[in-house]
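# What the coordinates show
Spelled out from the first residue to the last, the chains are:
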Amino acid sequence: LTGVGFTLSEADSAATLEIVFAGREWYRNATARTFPEPEQVQCFSNTTTGHNGWIQSAFVVIPDDLSRRAVETCLAHELMHVLGFAGHPTRTFNSALRNGRAAETLTTNDLLLIRTFYDPTITPSMGREDLMVAVRGILTELRNEVGRSDDPMEVLAQRHPLQLWWMTTAPV
């Protein structure tokens, strides 16, 4: 959906996203140093940004003893964070970003958020008012298209190609 490719690579590569499956002892130490309530954390991610706020690299850490479902849920959740989404929505918003019983895969809501966030009409020079007008228009159009379709993913994938404005001016 964003045009960003994912490839598997060997350790010590030039990857900008690294997913680490860590032993429980290492994981406990890392969460205890990083989070105020480490017992609440099942997996986590961190991003490195440039001076302009653009995400330059990211890593995701997942304990290596989780069930397959928990790993899939963690990956969907943390992928949303490394794509630039902060925070966690309320439990009534169906999203992989939700804490607690989050979706195992990206939901239609998540795909709508990603498509909107990376839409070519959104630019870094927009003021808040223009940004909100653009976001409302993009979401309205996408929701209408998705609502008329039997396959929301097909609609979201077939929409015009995304123009990642930041990819032409800064390394990702």
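Details of the structure are given in the entry above.
Report follows, based on the coordinates. (Residues numbered from 1 in each chain as written. Predicted model: local features only at pLDDT ≥ 70, side-chain atom pairs only at ≥ 80, totals over all residues. Heavy atoms only, no water.)

### A closer look at the pairing of strand S3 (residues 55-63)
The following threshold applies: Only when DSSP finds a minimum of two bridges between them are two strands counted as paired. Secondary structure counts use DSSP, requiring at least four H or I residues in a row for a helix and at least two E residues in a row for a strand, with both numbered from the N terminus.
Pairing analysis gives 6 bridges linking strand S1 (residues 17-22) to S3, with the strands arranged parallel. Bridge pairing in S3 places Phe 21 opposite Ile 62. Summarising the sheet, strand S2 (residues 44-49) and S3 pair through 6 bridges and their orientation is antiparallel. Pairing of Thr 47 across the sheet is with Ala 58, part of S3.

### A word on the pattern of salt bridges
Just so we agree on the cut-off: We define a salt bridge as a side-chain nitrogen of Lys or Arg found within 4 Å of a carboxyl oxygen belonging to Asp or Glu. Each residue gets one of three labels from its accessible area relative to the maximum for its type: buried under 20%, exposed over 50%, partly exposed in between, using a 1.4 Å probe on protein chains only.
The final tally for this structure, using the stated rule, is 2 salt bridges. Measuring nitrogen to oxygen at the nearest pair gives 2.7 Å for the salt bridge that ties Asp 65 to Arg 24. Within this pair, whereas Asp 65 is found in the loop between S3 and helix H2 (68-82), its partner Arg 24 is found in helix H1 (residues 24-34), the two being separated by 41 residues in sequence. The salt bridge partner of Glu 72 is Arg 68, with a shortest N-O separation of 3.1 Å. Within this pair, Glu 72 and its partner Arg 68 are both found in helix H2, separated by 4 residues, close to a single helical turn. Judged by its relative accessible area of 28%, Glu 72 is partly exposed.

Purely geometric numbers; function is a separate question.
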